[in-house]
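# Residue-level structure breakdown
Residue-level listing of the chains:
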Amino acid sequence: MTDAAPMRPVRVDAWLWAVRVYKTRSAATAACRAGHVRVGGERAKAAQLLKPGDEVRVRIDGFDRMLVVRQTISKRVGALLVAAAMEDRTPPRDPTPLMAQRDRGAGRPTKRERREIDRLRGRDRAGTDADGD
């Protein structure tokens, strides 16, 4: 790589693919079309150009990742070079609450299972104990 190559503006979708935010470039393009990618707070089209210093916000799995462009790269590179090409400013996620989950097609829950689900969700009846007294 030459010194001039990393500083050229690059498309948003190509950069997101190159720094391994999305598995494929078409997935990055689809995310831009769906409005899940923002550059500087504004919705970004796939062909929008990025330059060093731009802040990119990407919504993945219901959470936002905040990335700052350090270098513009358009081809996938090794993991060490990816770390140098972006700065991840994503705040840590809150631990997900424990949720009752049933297997799909398991049928209607039994009375005991309903009580356990209610207890997990904090909806157990106040004033009664486990024996029903």
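Scroll up to find the structure.
Anyway, here's the lowdown on the structure attached to this text. Everything numeric in this text was worked out from a predicted model, so none of it was measured.

Let us now look at the pattern of salt bridges. Within the structure shown, the criterion is met by 8 salt bridges. Salt-bridge contacts for Asp64 lead to Arg59; the nearest nitrogen and oxygen are separated by 2.9 Å. Judged by relative accessible area, which is 28%, Asp64 ranks as partly exposed. The partner of Glu87 in a salt bridge is Arg70, with the nearest N and O atoms 3.8 Å apart. Taken as a pair, Glu87 in strand 7 (residues 86-88) and Arg70 in the loop between strand 6 (63-69) and helix 3 (79-85) lie far apart in primary sequence, 17 residues in all. Taking relative accessible area as the criterion, Arg70 reaches 42% and is therefore assigned partly exposed.

It is worth spelling out the environment of Ile117 at this point. By secondary structure assignment, the location of Ile117 is in helix 4 (residues 111-121). Counting along the chain gives 16 residues from Ile117 to Gln101, while the straight-line C-alpha distance between them is 8.7 Å.

Moving on: the nonpolar core. Counting 26 residues, the largest nonpolar core has Trp15, Leu16, Val37 and Val56 as its most contacted members. Residue assignment for this core shows that the elements contributing at least two residues are helix 1 (12-18), helix 2 (25-34), strand 2 (37-39), strand 5 (55-60), strand 6 and helix 3. It is helix 1 that contributes the most residues to this core, 5 residues altogether. Apart from residues lying up to four places away in sequence, Val56 is in contact with Trp15, Leu16, Val37, Arg38, Val39, Leu50, Arg65, Met66, Leu67 and Val69.

Although it is not a glycine, Arg20 sits at a positive phi angle of roughly 65°. With respect to the helices and strands, the residue Arg20 is situated in the loop between helix 1 and helix 2. Arg20 sits in the partly exposed class, given a relative accessible area of 43%. Phi at Asp61 is positive, roughly 55°, even though this residue is not glycine. Along the polypeptide, Asp61 turns up in the loop between strand 5 and strand 6. The class of Asp61 is exposed, set by a relative accessible area of 69%.

Along the chain, the position of Thr72 falls in the loop between strand 6 and helix 3. Within the structure, Thr72 has its side chain in polar contact with the backbone oxygen of Arg8 (distance 2.5 Å).

For the rest of this paragraph, the subject is helix 2. Taken together, the buried positions of helix 2 are Ala28, Thr29, Ala31 and Cys32. Projection of helix 2 onto a plane perpendicular to its axis shows the buried side chains occupying an angular sector of 160°, all on one side. Facing away from the buried surface of helix 2 by more than 90 degrees, the exposed residues are Ser26 and Arg33. Looking at the buried residues of helix 2, the elements they touch are helix 1 and strand 2. Just beyond helix 2, the residue with positive phi is Gly35, at close to 85°.

Now for a positive patch on the surface. On the surface, a cluster of positive charge is contributed by Arg108, Lys111, Arg114, Arg115 and Arg119. Note on placement: Arg119 falls in helix 4.

About the criteria used
Residues numbered from 1 in each chain as written. Predicted model: local features only at pLDDT ≥ 70, side-chain atom pairs only at ≥ 80, totals over all residues. Heavy atoms only, no water. Salt bridge = Lys/Arg side-chain N within 4 Å of Asp/Glu carboxyl O. Buried < 20%, exposed > 50% of the residue type's maximum accessible area, 1.4 Å probe, protein only. Helix = DSSP H or I, 4+ residues; strand = E, 2+ residues; numbered from the N terminus. Core = buried A, V, L, I, M, F, W, Y, C linked by side-chain atoms within 4.5 Å. Contact = heavy atoms within 4.5 Å. Polar contact = N/O pair within 3.5 Å; in protein donor to acceptor, adjacent residues only side chain to side chain. Arc of directions from axis to C-beta. Patch = residues over 30% accessible without salt bridge, like charges linked within 9 Å, V, L, I, M, F, W, Y side chains within 5 Å. Areas by Shrake-Rupley, 256 points an atom, 1.4 Å probe, with all protein chains shown as cover. Lys, Arg positive; Asp, Glu negative; His and termini not counted. Charge placed at Lys NZ, Arg CZ, Asp CG, Glu CD.

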